[in-house]
2 protein chains.
Amino acid sequence: MSGSLETLAAIEIPDVMAAACPSRRILNHVTSRWGVLILVALSRGKMRFSALRRHIGGVSERMLAQTLQTLEADGFVIRKSHNVVPPHVDYSLSPLGHEAAEKVADLVFWIEENLTRIPGALPEETTPVSAKTG
Amino acid sequence: MSGSLETLAAIEIPDVMAAACPSRRILNHVTSRWGVLILVALSRGKMRFSALRRHIGGVSERMLAQTLQTLEADGFVIRKSHNVVPPHVDYSLSPLGHEAAEKVADLVFWIEENLTRIPGALPEETTPVSAKTG
DNA sequence: TTGACCAACTTACGAATAGTAAGTACTTAC
DNA sequence: GTAAGTACTTACTATTCGTAAGTTGGTCAA
(Lines give C-alpha, C1' and ligand atoms only; values in the text may rest on other atoms or scores of the structure.)
Protein backbone atom coordinates (compact mmCIF):
# COMPACT_ATOMS: atom_id res chain seq x y z
CA MET A 1 0.00 0.00 0.00
CA SER A 2 1.33 3.43 -0.93
CA GLY A 3 -1.16 5.16 1.35
CA SER A 4 1.50 5.78 3.93
CA LEU A 5 1.36 7.85 7.06
CA GLU A 6 2.93 10.79 5.26
CA THR A 7 0.09 10.78 2.76
CA LEU A 8 -2.51 10.61 5.49
CA ALA A 9 -0.85 13.42 7.37
CA ALA A 10 -1.46 15.66 4.35
CA ILE A 11 -5.21 15.41 4.85
CA GLU A 12 -6.25 18.35 6.95
CA ILE A 13 -8.59 17.58 9.80
CA PRO A 14 -11.32 20.26 10.01
CA ASP A 15 -11.05 22.55 13.01
CA VAL A 16 -13.60 25.29 13.65
CA MET A 17 -11.16 27.07 15.90
CA ALA A 18 -9.07 27.84 12.83
CA ALA A 19 -10.38 31.02 11.21
CA ALA A 20 -9.70 29.83 7.67
CA CYS A 21 -11.26 26.36 8.01
CA PRO A 22 -14.28 25.84 5.72
CA SER A 23 -16.13 24.37 8.69
CA ARG A 24 -16.24 27.87 10.14
CA ARG A 25 -18.21 29.14 7.14
CA ILE A 26 -20.65 26.23 7.30
CA LEU A 27 -21.07 26.71 11.04
CA ASN A 28 -21.88 30.39 10.51
CA HIS A 29 -24.50 29.54 7.90
CA VAL A 30 -26.16 26.85 10.00
CA THR A 31 -26.12 28.91 13.20
CA SER A 32 -27.08 32.16 11.51
CA ARG A 33 -30.02 34.03 12.96
CA TRP A 34 -32.52 32.75 10.41
CA GLY A 35 -30.66 29.63 9.29
CA VAL A 36 -31.37 27.91 12.60
CA LEU A 37 -35.09 28.63 12.38
CA ILE A 38 -35.34 27.62 8.73
CA LEU A 39 -33.72 24.26 9.48
CA VAL A 40 -36.05 23.65 12.41
CA ALA A 41 -39.09 24.67 10.38
CA LEU A 42 -38.18 22.43 7.45
CA SER A 43 -37.32 19.46 9.66
CA ARG A 44 -41.03 18.55 9.72
CA GLY A 45 -41.37 18.55 5.96
CA LYS A 46 -41.45 20.75 2.90
CA MET A 47 -42.78 24.28 3.03
CA ARG A 48 -43.48 27.08 0.60
CA PHE A 49 -41.69 30.41 0.75
CA SER A 50 -44.71 32.27 2.06
CA ALA A 51 -45.47 29.54 4.58
CA LEU A 52 -41.95 29.82 5.96
CA ARG A 53 -42.35 33.58 6.09
CA ARG A 54 -45.50 33.24 8.16
CA HIS A 55 -44.13 30.44 10.33
CA ILE A 56 -40.86 32.12 11.26
CA GLY A 57 -41.85 35.20 13.22
CA GLY A 58 -39.97 38.37 12.38
CA VAL A 59 -38.15 37.21 9.27
CA SER A 60 -38.15 39.55 6.28
CA GLU A 61 -38.56 38.34 2.71
CA ARG A 62 -35.06 39.56 1.94
CA MET A 63 -33.43 37.60 4.75
CA LEU A 64 -35.54 34.52 4.13
CA ALA A 65 -34.63 34.43 0.43
CA GLN A 66 -30.98 35.12 1.15
CA THR A 67 -30.64 32.51 3.89
CA LEU A 68 -32.50 29.90 1.84
CA GLN A 69 -30.08 30.49 -1.03
CA THR A 70 -27.10 30.10 1.27
CA LEU A 71 -28.42 26.86 2.76
CA GLU A 72 -29.27 25.59 -0.72
CA ALA A 73 -25.75 26.37 -1.94
CA ASP A 74 -24.36 24.46 1.05
CA GLY A 75 -26.49 21.44 0.15
CA PHE A 76 -28.79 21.47 3.16
CA VAL A 77 -31.91 22.76 1.47
CA ILE A 78 -33.58 21.64 -1.76
CA ARG A 79 -35.56 24.15 -3.80
CA LYS A 80 -38.25 22.83 -6.10
CA SER A 81 -40.04 25.28 -8.35
CA HIS A 82 -43.30 24.28 -10.06
CA ASN A 83 -43.66 26.43 -13.15
CA VAL A 84 -47.09 27.84 -12.54
CA VAL A 85 -48.64 31.21 -12.02
CA PRO A 86 -48.84 32.40 -9.33
CA PRO A 87 -45.42 30.95 -8.46
CA HIS A 88 -45.25 27.80 -6.36
CA VAL A 89 -41.88 26.95 -4.82
CA ASP A 90 -41.31 24.21 -2.27
CA TYR A 91 -38.37 24.10 0.09
CA SER A 92 -37.29 20.91 1.84
CA LEU A 93 -34.26 19.42 3.56
CA SER A 94 -31.74 17.13 1.88
CA PRO A 95 -30.67 14.03 3.84
CA LEU A 96 -27.63 16.06 4.90
CA GLY A 97 -29.91 18.90 5.91
CA HIS A 98 -31.95 16.56 8.07
CA GLU A 99 -28.84 15.47 9.93
CA ALA A 100 -27.78 19.06 10.56
CA ALA A 101 -31.32 20.12 11.45
CA GLU A 102 -31.50 17.35 14.04
CA LYS A 103 -28.50 18.77 15.91
CA VAL A 104 -29.81 22.31 15.63
CA ALA A 105 -33.27 21.27 16.79
CA ASP A 106 -31.78 19.54 19.83
CA LEU A 107 -30.29 22.87 20.90
CA VAL A 108 -33.45 24.82 20.16
CA PHE A 109 -35.63 22.40 22.10
CA TRP A 110 -33.21 22.44 25.03
CA ILE A 111 -33.49 26.22 25.18
CA GLU A 112 -37.28 26.13 25.00
CA GLU A 113 -37.55 23.47 27.68
CA ASN A 114 -35.02 25.03 30.04
CA LEU A 115 -35.87 28.67 29.47
CA THR A 116 -37.07 29.20 33.04
CA ARG A 117 -33.69 28.01 34.33
CA ILE A 118 -31.81 30.56 32.22
CA PRO A 119 -31.29 33.79 34.21
CA GLY A 120 -30.83 35.86 31.06
CA ALA A 121 -34.24 34.81 29.78
CA LEU A 122 -36.06 36.95 32.31
CA PRO A 123 -37.47 40.10 30.64
CA GLU A 124 -34.51 42.08 32.10
CA GLU A 125 -36.66 43.92 34.65
CA THR A 126 -34.85 46.88 36.16
CA THR A 127 -31.33 45.77 35.25
CA PRO A 128 -29.50 48.84 33.91
CA VAL A 129 -27.04 46.61 32.10
CA SER A 130 -26.55 47.43 28.44
CA ALA A 131 -28.03 44.33 26.86
CA LYS A 132 -26.05 43.62 23.71
CA THR A 133 -26.95 41.61 20.66
CA GLY A 134 -30.50 41.75 21.14
CA MET B 1 -56.88 22.12 44.05
CA SER B 2 -57.07 25.70 42.75
CA GLY B 3 -54.40 25.04 40.13
CA SER B 4 -57.03 24.63 37.47
CA LEU B 5 -56.63 24.29 33.75
CA GLU B 6 -57.33 27.97 33.28
CA THR B 7 -54.38 28.83 35.50
CA LEU B 8 -52.11 26.44 33.69
CA ALA B 9 -53.17 27.83 30.34
CA ALA B 10 -51.84 31.22 31.41
CA ILE B 11 -48.31 29.87 31.46
CA GLU B 12 -46.78 30.61 28.11
CA ILE B 13 -44.90 27.79 26.49
CA PRO B 14 -41.67 29.10 24.94
CA ASP B 15 -41.66 29.10 21.14
CA VAL B 16 -38.62 30.27 19.18
CA MET B 17 -40.76 30.82 16.13
CA ALA B 18 -42.41 33.72 17.95
CA ALA B 19 -40.30 36.83 17.41
CA ALA B 20 -40.96 38.21 20.89
CA CYS B 21 -40.25 35.01 22.82
CA PRO B 22 -37.26 35.33 25.18
CA SER B 23 -35.99 32.00 23.85
CA ARG B 24 -35.22 33.78 20.59
CA ARG B 25 -32.81 36.13 22.34
CA ILE B 26 -31.08 33.28 24.16
CA LEU B 27 -30.84 31.30 20.93
CA ASN B 28 -29.21 34.26 19.20
CA HIS B 29 -26.66 34.62 21.98
CA VAL B 30 -25.79 30.92 22.07
CA THR B 31 -25.60 30.56 18.28
CA SER B 32 -23.83 33.87 17.73
CA ARG B 33 -20.66 33.79 15.67
CA TRP B 34 -18.33 33.82 18.68
CA GLY B 35 -20.75 32.50 21.30
CA VAL B 36 -20.67 29.03 19.77
CA LEU B 37 -16.88 28.90 19.77
CA ILE B 38 -16.59 30.28 23.30
CA LEU B 39 -18.96 27.60 24.61
CA VAL B 40 -17.04 24.85 22.83
CA ALA B 41 -13.71 26.21 24.05
CA LEU B 42 -14.86 26.45 27.65
CA SER B 43 -16.52 23.02 27.63
CA ARG B 44 -13.10 21.49 28.41
CA GLY B 45 -12.46 23.68 31.42
CA LYS B 46 -11.70 27.21 32.54
CA MET B 47 -9.64 29.56 30.41
CA ARG B 48 -8.17 33.00 30.70
CA PHE B 49 -9.22 35.84 28.44
CA SER B 50 -5.97 35.83 26.52
CA ALA B 51 -6.00 32.04 26.22
CA LEU B 52 -9.47 32.19 24.68
CA ARG B 53 -8.27 34.90 22.34
CA ARG B 54 -5.43 32.70 21.13
CA HIS B 55 -7.54 29.55 21.00
CA ILE B 56 -10.42 31.00 18.99
CA GLY B 57 -8.92 31.96 15.66
CA GLY B 58 -9.99 35.32 14.29
CA VAL B 59 -11.78 36.70 17.33
CA SER B 60 -11.04 40.29 18.29
CA GLU B 61 -10.68 41.43 21.88
CA ARG B 62 -13.74 43.59 21.46
CA MET B 63 -15.97 40.74 20.30
CA LEU B 64 -14.53 38.30 22.82
CA ALA B 65 -15.19 40.64 25.73
CA GLN B 66 -18.65 41.54 24.46
CA THR B 67 -19.74 37.97 23.83
CA LEU B 68 -18.36 36.78 27.18
CA GLN B 69 -20.38 39.51 28.90
CA THR B 70 -23.53 38.46 27.09
CA LEU B 71 -23.07 34.79 27.98
CA GLU B 72 -22.26 35.74 31.56
CA ALA B 73 -25.41 37.84 31.80
CA ASP B 74 -27.40 34.88 30.47
CA GLY B 75 -25.92 32.64 33.17
CA PHE B 76 -23.91 30.33 30.92
CA VAL B 77 -20.46 31.67 31.73
CA ILE B 78 -18.84 32.39 35.10
CA ARG B 79 -16.22 35.13 35.37
CA LYS B 80 -13.72 34.91 38.19
CA SER B 81 -11.31 37.78 38.62
CA HIS B 82 -8.24 37.37 40.83
CA ASN B 83 -7.30 40.81 42.04
CA VAL B 84 -3.69 40.87 40.97
CA VAL B 85 -1.53 42.90 38.65
CA PRO B 86 -1.26 42.17 35.81
CA PRO B 87 -4.95 41.14 35.75
CA HIS B 88 -5.85 37.45 35.93
CA VAL B 89 -9.42 36.54 34.95
CA ASP B 90 -10.71 33.01 34.53
CA TYR B 91 -13.78 32.14 32.50
CA SER B 92 -15.65 28.88 32.95
CA LEU B 93 -19.06 27.35 32.27
CA SER B 94 -21.88 27.15 34.78
CA PRO B 95 -23.75 23.82 35.03
CA LEU B 96 -26.34 25.39 32.72
CA GLY B 97 -23.56 26.48 30.40
CA HIS B 98 -22.24 22.93 30.24
CA GLU B 99 -25.65 21.65 29.18
CA ALA B 100 -25.94 24.23 26.44
CA ALA B 101 -22.34 23.74 25.35
CA GLU B 102 -22.97 20.03 24.99
CA LYS B 103 -25.71 20.65 22.42
CA VAL B 104 -23.65 23.24 20.60
CA ALA B 105 -20.59 20.98 20.57
CA ASP B 106 -22.66 18.16 19.08
CA LEU B 107 -23.46 20.39 16.11
CA VAL B 108 -19.90 21.63 15.76
CA PHE B 109 -18.46 18.13 15.84
CA TRP B 110 -21.00 16.93 13.32
CA ILE B 111 -19.93 19.68 10.93
CA GLU B 112 -16.25 18.89 11.41
CA GLU B 113 -16.78 15.17 10.90
CA ASN B 114 -19.06 15.51 7.90
CA LEU B 115 -17.40 18.45 6.22
CA THR B 116 -16.38 16.45 3.15
CA ARG B 117 -20.03 15.49 2.59
CA ILE B 118 -21.13 19.13 2.58
CA PRO B 119 -21.09 20.53 -0.97
CA GLY B 120 -20.85 24.12 0.24
CA ALA B 121 -17.67 23.31 2.15
CA LEU B 122 -15.61 23.03 -1.02
CA PRO B 123 -13.44 26.15 -1.49
CA GLU B 124 -16.01 27.43 -4.05
CA GLU B 125 -13.71 26.80 -7.04
CA THR B 126 -15.01 28.53 -10.16
CA THR B 127 -18.59 28.97 -9.01
CA PRO B 128 -19.65 32.51 -9.97
CA VAL B 129 -22.37 32.41 -7.34
CA SER B 130 -22.40 35.39 -5.00
CA ALA B 131 -21.53 33.68 -1.75
CA LYS B 132 -23.29 35.53 1.01
CA THR B 133 -22.57 35.65 4.72
CA GLY B 134 -19.10 34.71 4.43
C1' DT C 1 12.70 57.72 37.88
C1' DT C 2 11.37 57.65 33.68
C1' DG C 3 9.74 54.27 30.68
C1' DA C 4 8.35 49.75 28.78
C1' DC C 5 5.43 46.05 29.69
C1' DC C 6 1.67 42.90 30.87
C1' DA C 7 -3.34 41.46 30.99
C1' DA C 8 -7.98 42.57 30.44
C1' DC C 9 -10.65 45.45 28.99
C1' DT C 10 -12.95 50.07 26.68
C1' DT C 11 -13.63 53.50 23.14
C1' DA C 12 -13.74 55.53 18.50
C1' DC C 13 -14.56 55.00 13.93
C1' DG C 14 -14.82 53.01 9.28
C1' DA C 15 -16.63 48.70 7.04
C1' DA C 16 -19.78 45.08 6.52
C1' DT C 17 -24.19 43.17 7.37
C1' DA C 18 -29.06 43.12 8.41
C1' DG C 19 -33.58 45.15 8.15
C1' DT C 20 -37.40 48.15 5.82
C1' DA C 21 -39.84 49.36 2.07
C1' DA C 22 -40.85 49.47 -2.44
C1' DG C 23 -40.60 47.37 -7.15
C1' DT C 24 -41.33 43.29 -10.53
C1' DA C 25 -44.02 39.76 -13.27
C1' DC C 26 -48.07 37.38 -13.92
C1' DT C 27 -52.74 35.88 -13.25
C1' DT C 28 -57.25 35.51 -10.77
C1' DA C 29 -61.05 37.79 -8.33
C1' DC C 30 -64.10 41.62 -7.56
C1' DG D 1 -59.53 48.45 -13.65
C1' DT D 2 -57.71 47.74 -9.49
C1' DA D 3 -56.69 44.97 -5.65
C1' DA D 4 -54.58 40.64 -4.13
C1' DG D 5 -51.44 36.65 -3.99
C1' DT D 6 -46.68 34.51 -4.91
C1' DA D 7 -41.70 34.61 -4.95
C1' DC D 8 -38.52 37.17 -5.33
C1' DT D 9 -35.04 41.59 -6.25
C1' DT D 10 -33.40 46.26 -5.57
C1' DA D 11 -32.47 50.58 -3.16
C1' DC D 12 -31.73 52.67 0.95
C1' DT D 13 -31.06 52.97 5.95
C1' DA D 14 -30.03 51.24 10.59
C1' DT D 15 -27.46 48.21 13.22
C1' DT D 16 -23.66 45.45 14.17
C1' DC D 17 -18.89 44.13 13.55
C1' DG D 18 -13.91 44.52 13.13
C1' DT D 19 -9.54 47.21 13.57
C1' DA D 20 -6.80 49.94 16.03
C1' DA D 21 -5.71 52.69 19.69
C1' DG D 22 -6.39 54.10 24.62
C1' DT D 23 -6.86 52.79 29.76
C1' DT D 24 -5.35 50.95 34.34
C1' DG D 25 -1.91 49.97 37.76
C1' DG D 26 1.47 47.54 39.46
C1' DT D 27 6.49 45.24 38.16
C1' DC D 28 10.97 45.49 36.38
C1' DA D 29 14.99 47.02 33.54
C1' DA D 30 17.92 51.02 32.49
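**Some remarks on the protein's contact with DNA strand C**
Thinking step 1. In the vicinity of DNA strand C, 20 residues are found, and the nearest of them are Met 63 of chain A together with Glu 61, Gln 69, Arg 79 and Tyr 91 of chain B.
Thinking step 2. Trp 34 of chain A is positioned with one of its side-chain polar atoms (N or O) 2.9 Å from a phosphate oxygen of DNA strand C.
Thinking step 3. Separating a phosphate oxygen of DNA strand C from a side-chain N or O atom of Arg 79 of chain B is a distance of 2.4 Å.
Thinking step 4. Those elements that provide at least two residues to the surface near DNA strand C are helix H3 (33–42) and helix H5 (61–74) of chain A together with helix H4 (49–55), helix H5 (61–74) and strand S3 (88–93) of chain B.
Thinking step 5. Residue classes in the surface near DNA strand C are distributed as eight nonpolar, six polar and six charged.

**Some remarks on the interface of chain A and chain B**
Thinking step 1. Each side of the interface is counted separately: chain A has 55 residues, and chain B has 54 residues.
Thinking step 2. Three residues stand out in chain A for area buried against chain B, namely Met 17, Leu 107 and Trp 110 of chain A, and they jointly supply 14% of the buried area on that side.
Thinking step 3. For the interface between chain A and chain B, the tally reads two salt bridges.
Thinking step 4. For the salt bridge of Arg 117 of chain A with Glu 99 of chain B, the shortest nitrogen-to-oxygen distance reads 2.8 Å.

**A short note on the sheet that holds strand S2 (residues 77–82) of chain B**
The strands making up a sheet associate through hydrogen bonds between their backbones, and the pairing can be parallel or antiparallel.
Residues and elements named next belong to chain B.
Thinking step 1. On the basis of which strands lie adjacent, the open sheet formed by three strands has the order S1-S3-S2 and antiparallel pairing. The open sheet has two edge strands, strand S1 (47–48) and S2, and neither has a second partner.
Thinking step 2. As paired elements, S2 and S3 share six bridges and run antiparallel to each other. Residue pairing across strands places Ser 81 opposite Val 89, the latter belonging to S3.

**Section: helix H3 (residues 33–42) of chain B**
Thinking step 1. Of all 10 residues making up H3 of chain B, nine are buried, and the element is well covered by its neighbours.
Thinking step 2. Where H3 of chain B is concerned, the buried positions are Trp 34, Gly 35, Val 36, Leu 37, Ile 38, Leu 39, Val 40, Ala 41 and Leu 42 of chain B.

**Some remarks on the confidence of the model for chain A**
Thinking step 1. Looking at chain A, the pLDDT average stands at 86 and 84% of residues meet or exceed 70.
Thinking step 2. The low-confidence segment residues 124–134 of chain A, where pLDDT is below 50, has eight contacts with residues more than four positions distant or belonging to other chains.

**So, the pairing of strand S3 (residues 88–93) of chain A**
All names here are of chain A.
Thinking step 1. One ladder, built from two bridges, connects strand S1 (residues 47–48) with S3; its direction is antiparallel. Bridge assignment links Arg 48 to a residue of S3, and that residue is Asp 90.
Thinking step 2. Between the antiparallel neighbours strand S2 (residues 77–82) and S3 lie five residues.

**Details of the protein's contact with DNA strand D**
Thinking step 1. Near DNA strand D you find 19 residues, and of these Ser 50, Glu 61, Arg 79 and Tyr 91 of chain A together with Met 63 of chain B are the closest.
Thinking step 2. Sugar plus phosphate: this is where 59% of the atoms of DNA strand D within 4 Å of the protein reside.
Thinking step 3. Between a base nitrogen of DNA strand D and a side-chain N or O atom of Arg 62 of chain A, the distance comes to 3.3 Å.
Thinking step 4. Among the residues making up the surface near DNA strand D, the classes are represented as eight nonpolar, five polar and six charged.

**Quick look at the pattern of salt bridges**
Residues and elements named next belong to chain A.
Thinking step 1. A full pass over the atoms with the stated rule returns five salt bridges over all chains.
Thinking step 2. Notably, a salt bridge pairs Asp 90 with Lys 46, separated by 4.0 Å at the nearest N-O pair. With Asp 90 in strand S3 and Lys 46 in the loop between H3 and S1, the pair connects residues that are 44 residues apart, well separated along the chain.

**Topic: the sheet that holds S1 of chain A**
Thinking step 1. Taken in spatial order, the three strands of this open sheet run S1-S3-S2 (chain A), and their pairing is antiparallel. Looking along the sheet, the strands with just one partner apiece sit at the ends: S1 and S2 of chain A.

**Some points on the environment of Ile 78 of chain A**
Residue and element names in this part refer to chain A.
Thinking step 1. Note that Ile 78 resides in strand S2.
Thinking step 2. Counting along the chain gives 17 residues from Ile 78 to Pro 95, while the straight-line C-alpha distance between them is 9.9 Å.
Thinking step 3. In contact with Ile 78, other than residues within four places in its own chain, are Asp 90, Tyr 91, Ser 92, Leu 93 and Ser 94.

Conventions and cut-offs
- Residues numbered from 1 in each chain as written.
- Chains lettered and ligands numbered in written order.
- Predicted model: local features only at pLDDT ≥ 70, side-chain atom pairs only at ≥ 80, totals over all residues.
- Heavy atoms only, no water.
- Near = heavy atom within 4 Å.
- Polar contact = N/O pair within 3.5 Å; in protein donor to acceptor, adjacent residues only side chain to side chain.
- Helix = DSSP H or I, 4+ residues; strand = E, 2+ residues; numbered from the N terminus.
- Nonpolar A, V, L, I, M, F, W, Y, C, P; charged D, E, K, R; others polar.
- Contact = heavy atoms within 4.5 Å.
- Buried area = accessible area lost by both parts, 1.4 Å probe.
- Salt bridge = Lys/Arg side-chain N within 4 Å of Asp/Glu carboxyl O.
- Pairing = 2+ DSSP bridges.
- Buried < 20%, exposed > 50% of the residue type's maximum accessible area, 1.4 Å probe, protein only.
- pLDDT = per-residue confidence, 0-100.

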